[in-house]
Amino acid sequence: MKDFWKRFRYNRGAVIGLFILAFVIATAILAPVLFPQSPWKMVQRPFLPPFTQDGLMLGTDALGRDVMAGLAHGAYVSLLVGLVSTIVALAIGVPVGALAGYFAGRTDDALMRFTEFFQTIPSFALAIVLLAIFQPSLTFVIIAISIVSWPPVARLVRGEVLSLRTREFVEAATLSGLGNTQIILRHILPNALPPIIVLASLMVAQAILLESSLSFLGLGDPNIMSWGYMIGAARTVIRTAWWLSFLPGMAILLTVLALNLIGEGLNDALNPRLTRKSE
Amino acid sequence: MTLLSIRDLDIALPVGADRLYAAKHINFDLAAGEILCIVGESGSGKSMSANAIMGLLPQGVKPVNGSITFDGKEILGLSEREMLPLRGGRISMIFQEPLSALNPLMRVGAQIAEVFEAHGALNGAERRERALKLLDEVGIPDPDAAIRAYPFQLSGGQRQRVMIAMALALEPDILIADEPTTALDVTTQAQILKLIEDLRKSRGMAVIFITHDFGVVADIADRVIVMQKGEIVESGSADDVLLKPQHPYTRALIDAIPRLTRGGDVEEVKHTPILTVEGLQKTFSTGSGTLFGKRRVVKAVQDVSFELYAGETIGIVGESGSGKSTVGRCIVRLLDPDGGRVLMDGADIAHMSGAELRDQRRKLQMIFQDPFSSLNPRARVSRILTEGLIAFGTPKADAQTKARELLELVGLDASAMMRFPHEFSGGQRQRIGIARALALDPSIIIADEAVSALDVSIQAQVLDLLAELKERLHLSMLFITHDLRVAARICDRIIVMQKGRIVEAGPVGKVLHDPDTDYTRSLLDAIPGQDYERALAEAE
Amino acid sequence: MIRFILGRLVKAVFILLAILVFNFLLIHAAPGDPAAVMAGEAGAADEKFLTDLRARFGLDQPLYVQLWIYIKGAVQLDLGYSFRQQMPVAELIGDRLPATLLLTGVAFVLSLVLGVIAGVAASARQGSWGDTIISTLALLFYATPLFWVALMATLVFSVWLGWLPGFGYSTIGAGYTGMAHVLDVAKHLVLPASTLGLFFMAIYMRMTRASMLEVSRLDFVKTARAKGLTRGVIQRRHILRNALLPVITLAGLQAGQIFGGAILTETVFAWPGIGRLMFEAINQRDYNVILGVFYISAAMVLLFNLITDVVYVIVDPRIRLTT
């Protein structure tokens, strides 16, 4: 654990990422306290530019809503969607990959055909189809994102399990009389964990991007203020009020960047084989 | 005439390594046409010294002191550009793993021709012509086909021949061979060693040969350097170092070499079979076997039958691909045999499943080859040793007590319980693996290349431990190995396998000294260092 | 090799069939009357049209008969009728497909070529400031929302600087022909293609860099050095060729993502492709069009995967000669 932290800290980008993420998380948690009013409520005249009025630091949008409040509440939505959909995707991908890799043969064939199907079809288009046909709500957004993002997990886990399965310590565990479940849970998955953790951190980032893209197209939950929605709504007024598109975009960029940086740091810390940029 | 001379060479390891220097105070000379063997165990720094000559040290490792003069010129500290004409031109190099040492995406011919190209020699057609000639010279059977082949299409021995052909292309003064036969079967090893010797004679080329195997050293060396922990502990002519070793480390290494001839007779065991294998079959098929995938079938084990008597050790020997490991894995049912029976106490393990198999398998445990992959890196030793007992219903506290006893039994301290595998050396890990195999009180141990990955001194210790445990615990053992010397040391009977079949079986003395089949004889003849062994025996 | 490709082809056909079944199930899982779903948002279609639809797709017959009718139609490229646009869906898509292929094709080639070059350059000088700059840019592009970068590019290069057109496929009403038309389209293509390519360029760059570094540690690179080859030859002939294999695999897997990205890019730039078509269909709840675009884009992706498979086989003799 100490080594882990030491190696993680060695990656300066990862530490910066951690700070940015901590800030975003704090904003998300504090949003209801700092901006107790609904972010949908009109508070001032529309198109109030940033830094022109106290209490409305980032100004108002085309309908006179507080941009700052929107960003803060959007942080909550982005993180929630990113986190929950990643957890759901892991919950699908890890068992599928583990079973395919461990039992090999027909089980593997069947599960991998299934995974391949979901990986081959254009995932963003699939998410759009799902949300267009069913009514967009936060739950469905999360489900749609999970459905399109689990296949890489399954493939990764399968690959790891496949190589771990033939390792001698797993064979020894079999000979010691351990059951399949015990072997998978106690011997195989713990050793497959590092790359899964790294992938998960990148998946949260991708899920946030995906959520913002869907909201941008108008496929988000219509009752929830999100960064993608804010950009989508401000798109038509970009010539007159460019900052309304610019600010939420920067929020997405920074959050996703932070998560990617952390992912790289985790990779350095957990898979020491390929680390050390310059030596 | 001195061709190469190394003086006071120190090679520093990167900061944070387990020691400061990969090699220190290296001094030696190499004369034209001589074979110099650098011998040592893993981590002795023997490869580093040789790589330093070529300027091919791994990243972060660099020479910090000393000089290397080649042909009267200082070459240590030359720039990359200045080194280019030397590399492959006047000094060339071959490596341990001939598959990974060749570019998988390039044809063999192109990889040889590239040497000429790098040094601006010959034109296209001439390069091809020369490549063909070289392949012929290193004994590749069909050079015309080989030149168009990709590395994966050749056997291990052929790949190493291609590497040698490449190294010889520009008739270098020195060939550096870094463990070139370690990954090869013993008969292939013998052929490659002979090839290197012949080439040395026909071309007057000097050879620096790096190896851990004293048998190989005895067969080819003119002079020998023994290294330990980065320093040269002894050097001299082959006869002096091998027959009159001065340094205690050299002596210990030589004593640790398992002998083919074993002192004392094999004691007679009572012929009560504890394990009977009848007509064992196993076929592997690769390729998906679906509509368009081609199916390739390998008959790994064909009609293998034998009996293991209570208290004896049978060695199953053979080259890679002989099916020896598959036999072991089929018996413990890590693989499911396609046919035949495996009888233990009258019950057929080959056709059991579920709880029945689990209970019967308790008595059959295995010791694995790789001390690094055979222990779960994320489990403490206590869990590794107690897990099986707990799975069979032993209370946790009792299992812990038993685990401590086991550690003591294999010569480790009970404090090892709370540590992780990576905190142990290879030999210690193998001891933990042995303790694990003994945890369930088995009556039969199957050791699959159990000492092959270990240095020779550690190998001797582990073999002694196994022999001792076998006596004390009344175990029977199946000892699977490619190394006939190891088999000679520990086995009562030997089974020789080739291409999935048993070609010969009998008492160790008979098989090793008066074999019935040509195949066994060819295996025996290929073992390096036999003259040396006789000389040693006479000296004693 | 022929076997290998045939195998992939069969697989692709199965996946397409699976997508059709999936589409079919979606129509039936959607809330409301399947006929209404097919016709578009309830109320948009008249009762006679719905009755026709029911009869044509056998909506009063058992499910498997309906499925059969649906698949039979789709295989013959009958993707239904867009009530909103008063046109068969296949025709709508056929009109828009070339623009999408142009956009995604250019973006793909651009991102792959530039990404690989940048990756090679970065790996050749690992740890240098050049590597740091390239890697940092890639990290930024990788984290930037595609639609946002498209908006910002319009703002800067079209609205503020006025260098390039910010929307459309060609200048409306200009009536260019021949070379002038090509140049006009090319000018319109610059912003959409480069913003779409940016994200993928970042991906290919990172993959190439990592793969180059990985391969440069392999034994055969040491052999190449021991031969006396120069650094440049080793980089090109030995490291790059081997390092490209995982990049090709990745490029194949990313094909679907590029189509996904095209939906966003075409929306922002009003590029008349099938992505834009899908966006319009979302707003109008025109399910037949949405599902049709989904089906066709999947088919494109499969075709593209097939091409990358062939490329892979050509590059890697281990597959070419053993299957």
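Criteria and cut-off values
- The residue numbering used here restarts from 1 in each chain and proceeds along that chain's sequence as written.
- Each chain is given a letter, starting from A, and each ligand a number, starting from 1, according to the order in which they appear as written.
- Predicted model: local features are reported for residues with pLDDT of at least 70 only, side-chain atom pairs are reported and counted for 80 or more only, and whole-chain, interface and lining totals are derived from all residues.
- Per the convention used, a helix needs a DSSP run of H or I reaching at least four residues, while a strand needs a run of E reaching at least two, with both numbered from the N terminus.
- Based on C-alpha atoms, the radius of gyration is set beside the globule rule, defined as 2.2 Å times the residue count to the power 0.38.
- To sort residues by exposure, count the other C-beta atoms lying within 10 Å of each residue's C-beta; 20 or more gives buried, 12 or fewer gives exposed, and values between give partly exposed, all with C-beta atoms placed from the backbone.
- For the purpose of contact definition, each residue receives a C-beta atom placed from its backbone, and two residues are in contact when these atoms lie within 7 Å.
- Strands are treated as partners if at least two bridges between them are detected by DSSP.
- The convention used is that axes are lines fitted to C-alpha atoms, helices contributing only their stretch in contact, and that angles between N-to-C directions extend from 0 to 180 degrees.
- Throughout this entry, Asp, Glu, Lys and Arg are counted as charged residues, while Ala, Val, Leu, Ile, Met, Phe, Trp, Tyr, Cys and Pro are counted as nonpolar. The remaining residues, Gly among them, count as polar.
- By convention the nonpolar core is taken to be a set of buried residues drawn from Ala, Val, Leu, Ile, Met, Phe, Trp, Tyr and Cys and joined through C-beta atoms within 7 Å.
- One less than the residue count of a helix, multiplied by 1.5 Å, gives the span that helix is expected to have.
- The labels follow the angle: roughly parallel below 35 degrees, roughly antiparallel above 145, roughly perpendicular from 65 to 115, and oblique for the rest.
- Here is the rule for handedness: rotate from the far helix to the near one, and if that takes an anticlockwise turn smaller than a right angle the crossing is left-handed, while a clockwise turn gives right-handed.
- To obtain the arc, one takes the directions from the helix axis to the C-beta atoms.
- pLDDT is a per-residue confidence score from the predictor, ranging from 0 to 100.

**Describing the overall build of chain B**
Part 1 of the argument: Within chain B one finds 20 helices and 20 strands.
Part 2 of the argument: A globule of 540 residues ought to have a C-alpha radius of gyration of about 24 Å, and chain B, at 25 Å, matches this closely.
Part 3 of the argument: The C-alpha extent of chain B, read off along each of the three principal axes, is 70 × 55 × 50 Å.
Part 4 of the argument: Burial status across chain B gives 46% buried among its 540 residues.
Part 5 of the argument: Considering only contacts within chain B whose residues lie at least 6 apart along the sequence, 69% involve residues at least 24 apart.

**Some thoughts on the overall build of chain A**
Part 1 of the argument: Within chain A one finds 11 helices and zero strands.
Part 2 of the argument: Seen in sequence order, chain A has helices and strands lined up from the N terminus as α-α-α-α-α-α-α-α-α-α-α.
Part 3 of the argument: Relative to its full complement of 279 residues, chain A shows a buried share of 54%.
Part 4 of the argument: Residue pairs in contact within chain A that sit at least 24 positions apart in sequence constitute 69% of those at least 6 positions apart.

**Here's the deal with the interface of chain C and chain A**
Part 1 of the argument: With 40 residues of chain C at the interface, the matching set in chain A holds 36 residues.
Part 2 of the argument: Taken together, the elements giving at least two residues each to the side of chain C that touches chain A come down to helix 1 (2–29), helix 6 (129–143), helix 7 (146–160), helix 10 (231–269), helix 11 (274–284) and helix 12 (287–315) of chain C.
Part 3 of the argument: The dominant element in the side of chain C that touches chain A, judged by the number of residues it contributes, is helix 12 of chain C, at nine residues.

**Some points on the sheet that holds strand 10 (residues 231–237) of chain B**
All names here are of chain B.
Part 1 of the argument: Strands sit in the order 6-7-8-3-9-10 across an open sheet of six strands; the sheet is mixed. The sheet is open, and its two edges are formed by strand 6 (91–94) and strand 10, each paired on a single side. Direction aside, the axes of adjacent strands within the sheet are offset by 15° on average.
Part 2 of the argument: Looking at chain direction, strand 3 (residues 35–40) and strand 8 (residues 206–211) are connected through five bridges and run parallel. Paired with isoleucine 38 across the strands is isoleucine 210, a residue of strand 8.

**Quick look at the interface of chain B and chain C**
Part 1 of the argument: On the chain C side, the residues contacting the 29 residues of chain B number 23 residues.
Part 2 of the argument: In terms of residue count, the dominant contributor to the side of chain B that touches chain C is helix 3 (residues 108–118) of chain B (three residues).
Part 3 of the argument: When grouped by side-chain class, the residues that make up the side of chain B that touches chain C number 17 nonpolar, seven polar and five charged.

**What about the nonpolar core?**
Part 1 of the argument: Within the largest apolar cluster, 337 residues are counted, with the highest numbers of intra-cluster contacts made by Ala127(A), Ile128(A) and Ile290(C).
Part 2 of the argument: Excluding anything up to four places from it in sequence, Ile290(C) contacts Val129(A), Ala132(A), Met278(C), Ala281(C) and Ile282(C).

**Overview of unusual backbone geometry**
Residues and elements named next belong to chain B.
Part 1 of the argument: Phi is positive for leucine 122, which is not a glycine, with a value near 60°.
Part 2 of the argument: Backbone geometry places histidine 474, a non-glycine residue, at a positive phi of 55°.
Part 3 of the argument: Here histidine 474 lies in the loop between helix 16 (456–473) and strand 18 (476–481).
Part 4 of the argument: On the basis of neighbour counts, which here come to 10 C-beta atoms within 10 Å, the residue histidine 474 falls in the exposed class.

**Points about the sheet that holds strand 4 (residues 62–70) of chain B**
Part 1 of the argument: If you trace the four strands from one edge of the open sheet to the other, you get 2-1-4-5 (chain B), paired in antiparallel fashion. Of all strands in the sheet, those with a lone pairing partner are strand 2 (21–31) and strand 5 (73–74) of chain B, marking the two edges.

**Re helix 7 (residues 151–165) of chain A**
All names here are of chain A.
Part 1 of the argument: Between the first and last C-alpha of helix 7 there are 21 Å, a value that for 15 residues agrees with the 21 Å anticipated at 1.5 Å per step.
Part 2 of the argument: When we look at burial in helix 7, the residues that qualify are Pro151, Pro152, Val153, Ala154, Arg155, Val157, Arg158, Glu160, Val161 and Leu164.
Part 3 of the argument: In this fold, the buried residues of helix 7 make contact with helix 3 (67–103), helix 4 (105–120), helix 8 (168–175) and helix 9 (180–216).

**Description of the packing of helix 10 (residues 227–234) of chain A against helix 11 (residues 243–270) of chain A**
Think of two packed helices as two axes; the pair is described by the angle between the axes and how far apart they sit.
All names here are of chain A.
Part 1 of the argument: The N-to-C vectors of helix 10 and helix 11 enclose an angle of 155°; their axes lie 8 Å apart at closest approach. When the axes of helix 10 and helix 11 are compared, the pair comes out roughly antiparallel. Crossing handedness for the pair helix 10 and helix 11: left-handed. For the pair helix 10 and helix 11, contact is made by Trp227, Met230, Ile231 and Ala234 and by Leu244, Ser245, Pro248, Gly249, Ala251 and Ile252, respectively.
Part 2 of the argument: Tallied by class, residues from the contact of helix 10 with helix 11 come to eight nonpolar, two polar and no charged.

**A short note on the pairing of strand 18 of chain B**
All names here are of chain B.
Part 1 of the argument: Of all six residues making up strand 18, six are buried, and the element is well covered by its neighbours.
Part 2 of the argument: Pairing of strand 13 (residues 313–317) with strand 18, which is carried by five bridges, proceeds in the parallel orientation. Directly across from valine 317, in strand 18, lies its bridge partner threonine 481.
Part 3 of the argument: With five bridges connecting them, strand 17 (residues 444–448) and strand 18 associate as parallel partners.

**Examining the packing of helix 5 (residues 89–124) of chain C against helix 12 of chain C**
All names here are of chain C.
Part 1 of the argument: Relative to each other, helix 5 and helix 12 sit at 55°, their axes nearing to 10 Å. If you check the angle between helix 5 and helix 12, you find them oblique. Handedness of the crossing formed by helix 5 with helix 12: right-handed. Contacts between helix 5 and helix 12 involve Val89, Leu92 and Ile93 from the former and Asn288, Val289, Gly292, Val293 and Ile296 from the latter.
Part 2 of the argument: In terms of residue class, the contact of helix 5 with helix 12 is built from six nonpolar, two polar and no charged.

**Comments concerning the pairing of strand 19 (residues 493–498) of chain B**
Residue and element names in this part refer to chain B.
Part 1 of the argument: Extensive coverage of strand 19 is indicated by the burial of five of its six residues.
Part 2 of the argument: Both strand 13 and strand 19 contribute to a ladder of four bridges, which runs parallel. The residue bridging valine 317 from the neighbouring strand is valine 496, located in strand 19.
Part 3 of the argument: Where strand 19 meets strand 20 (residues 501–507), six bridges bridge the pair, whose relative direction is antiparallel. Its bridge partner being in strand 20, methionine 497 is matched across the sheet by isoleucine 502.
Part 4 of the argument: With antiparallel pairing between neighbouring strands as the criterion, strand 19 and strand 20 make up a hairpin whose turn holds two residues, including lysine 499 at a positive phi of roughly 45°.

**Things to note about the environment of Val77(A)**
Part 1 of the argument: For Val77(A), the position within the fold is in helix 3.
Part 2 of the argument: Val77(A) has contacts with Ile224(A) and Ser226(A), leaving out every residue within four places of it along the chain.

**Some thoughts on helix 14 (residues 396–409) of chain B**
All names here are of chain B.
Part 1 of the argument: Taking 1.5 Å of rise per residue, 14 residues should cover 20 Å, and helix 14 covers 20 Å from first to last C-alpha, within 8% of that figure.
Part 2 of the argument: Looking only at helix 14, the buried set comprises Ala399, Ala403, Leu406 and Leu407. Seen from one end, helix 14 has its buried residues packed into an arc of 100°, which puts them on one side. Seen from the open side of helix 14, the exposed residues pointing more than 90 degrees away from its buried face are Ala397 and Asp398.
Part 3 of the argument: Turning to helix 14, the residues buried within the fold contact helix 13 (381–391) and helix 15 (426–438).
Part 4 of the argument: Looking at the residues trailing helix 14, positive phi occurs at glycine 411, about 85°.

**Digging into the confidence of the model for chain B**
Atomic detail in the predicted coordinates should be set aside for any region of low pLDDT.
Residue and element names in this part refer to chain B.
Part 1 of the argument: In the predicted model, chain B carries a mean pLDDT of 90, and 96% of its residues have values of at least 70.
Part 2 of the argument: Low confidence marks residues 289–293, where pLDDT is under 50. Its contacts with residues over four positions away, or in another chain, come to 10 contacts.
Part 3 of the argument: Across the interface, the model reports ipTM at 0.86; the global pTM reads 0.86.

**Some details on the environment of Val89(C)**
All names here are of chain C.
Part 1 of the argument: Mapped onto the elements of the fold, valine 89 is located in helix 5.
Part 2 of the argument: Residue classification places valine 89 among the buried positions, given that 25 C-beta atoms sit within 10 Å.
Part 3 of the argument: With 202 residues separating them along the chain, valine 89 and leucine 291 place their C-alpha atoms 9.6 Å apart.
Part 4 of the argument: Other than its neighbours up to four places away in sequence, valine 89 contacts Leu79, Gly80, Tyr81, Ser82, Asn288, Val289 and Gly292.

**Describing the confidence of the model for chain A**
Part 1 of the argument: A residue-level look at chain A finds 96% of positions with pLDDT of 70 or above and a mean pLDDT of 87.
Part 2 of the argument: Per-residue pLDDT, averaged within each element of chain A, yields its smallest value for helix 1 (residues 2–10) of chain A (77) and its largest for helix 8 of chain A (93).

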